[in-house]
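# Remarks on the overall topology
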Amino acid sequence: WETLSDGVISGSEDDEAYQAKLTEQANVARVGEKPLFPELPFGEIYTADNTTAQTIPTGTDYTKLTALNTAGEYRGVTLDAANNKIILPSAGYYKVEVTGSSKLDTANVTLRTALFLNGAEVSKIHSVRRIPTANDESTTAIGGIIQVTSANSYIDVRVRHDNGGDVDLTTRYANLHPPYR
C-alpha cells in the first residue's frame, strides 16, 4: 500500500497491509482531537416471551406500554426500563424504531400504537391495526425521524383503542430503540 499526496491510500484488496491500514484509518480517523466518526448513542428497552396481559381502557387517551421493562444494550442514552422509557442525552435528530408482536383477548378491535416524546404523541410515528380474531398474535413495526429540542428528553410507546370496553393486551415481544442520532 502507499499513501498518495492527497492522503488517499492506494492498494489492492488482496494486500493484507492495505486492508489493515484502511481499518486502522477508519477506526482512528481524527480531526484534531475530535473523532471524525464519533460513537453515536443507541439503546433499547424490550420484552421477550412475555405472558402477562396489560388492561387497556377504551377511549381516546393512550396508555403507556408497560411490557417494555427490560434494559438492553446501550451507549450514550439512559435506559429507564422501570418506567418504560429511554432518555435521550442531547438535542438533535434521532431515528427511532418500535417493533412488537402481541395479542388481544377481544375480537374486532382497532388498536393504535404510537411513539411519545416527552409525553406528547409523535403523530407521524404510529400505527393502526384491526384485530379481527381474539388471541391471534399480530406484529407491528413503526419508526421514523424525530427532532429532540432539549437534552434529557424521553421517548416511550403507548396504545389505545375505542372498542367500547377494556381489552387485555399481551405484548409477547417488543423493542423500542433509537439506533442513532
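Everything discussed here concerns the structure shown above.
Quick summary incoming for the structure in this document.

About the thresholds
- Residues numbered from 1 in each chain as written.
- Predicted model: local features only at pLDDT ≥ 70, side-chain atom pairs only at ≥ 80, totals over all residues.
- Heavy atoms only, no water.
- 1 Å grid on protein atoms, 1.4 Å probe; cavity = no way out; pocket = protein on both sides within 12 Å on 5 of 7 lines; lining within 4 Å.
- Points joined across faces, edges and corners; volume = space filled by probe spheres on them.
- Helix = DSSP H or I, 4+ residues; strand = E, 2+ residues; numbered from the N terminus.
- Nonpolar A, V, L, I, M, F, W, Y, C, P; charged D, E, K, R; others polar.
- Core = buried A, V, L, I, M, F, W, Y, C linked by side-chain atoms within 4.5 Å.
- Buried < 20%, exposed > 50% of the residue type's maximum accessible area, 1.4 Å probe, protein only.
- Contact = heavy atoms within 4.5 Å.
- Phe/Tyr/Trp six-rings, centres within 6.5 Å; stacked < 30°, edge-to-face > 60°.
- Lys NZ or Arg CZ within 6 Å of the ring centre and 35° of its normal.

### Considering empty space enclosed by the protein
Enumeration over the complete set of coordinates arrives at one cavity of 30 Å³ or more. The space that makes up the largest cavity amounts to roughly 130 Å³. Along the walls of the largest cavity sit 15 residues, with L65, G100, S102, T113 and R129 positioned nearest its centre. Within the residue set of the lining of the largest cavity, elements represented by two or more residues are β11 (92-104), β12 (109-117), β15 (153-161) and β16 (167-180). With five residues, the top contributor of residues to the lining of the largest cavity is β11. Across the lining of the largest cavity, the residue classes tally to seven nonpolar, seven polar and one charged.

### Here we look at the nonpolar core
Within the largest apolar cluster, 30 residues are counted, with the highest numbers of intra-cluster contacts made by I86, L88, L115, I146, I155 and L176. Going through the elements one at a time, β10 (85-88), β11, β12, β13 (120-131), β14 (138-148), β15 and β16 are the ones with two or more residues in this core. If sequence neighbours within four positions are ignored, I146 has contacts with L88, G92, Y93, Y94, V96, L115, L117, V122, I125 and I155.

### Topic: the environment of L65
Note that L65 resides in the loop between β7 (63-64) and β8 (70-75). What makes L65 buried here is its relative accessible area of 8%. On a C-alpha basis, the gap between L65 and T113 in space is 9.2 Å, while along the polypeptide they are 48 residues apart.

### What to know about the environment of D162
Along the chain, the position of D162 falls in the loop between β15 and β16. With residues near it in sequence (within four places) discarded, D162 still touches T58, G59, T110 and R112.

### Brief notes about the packing of aromatic side chains
A ring pair, where both rings are aromatic, is described by two values, the distance of the centres and the angle of the planes. Counted according to the given criterion, the structure contains one aromatic pair. Between the aromatic rings of Y62 and F116, the centroid separation amounts to 5.2 Å while the plane-to-plane angle is 65 degrees, which identifies the pairing as edge-to-face. One end of the pair, Y62, is in the loop between β6 (53-56) and β7; the other, F116, is in strand β12, and 54 residues separate them in sequence. A single burial state applies to Y62 and to F116, both of which are buried. The aromatic ring of Y154 is capped on one face by K85, whose charged end is 4.4 Å from the ring centroid. Above the ring of F116, the side-chain terminus of R158 is found at 4.4 Å from the ring centroid.

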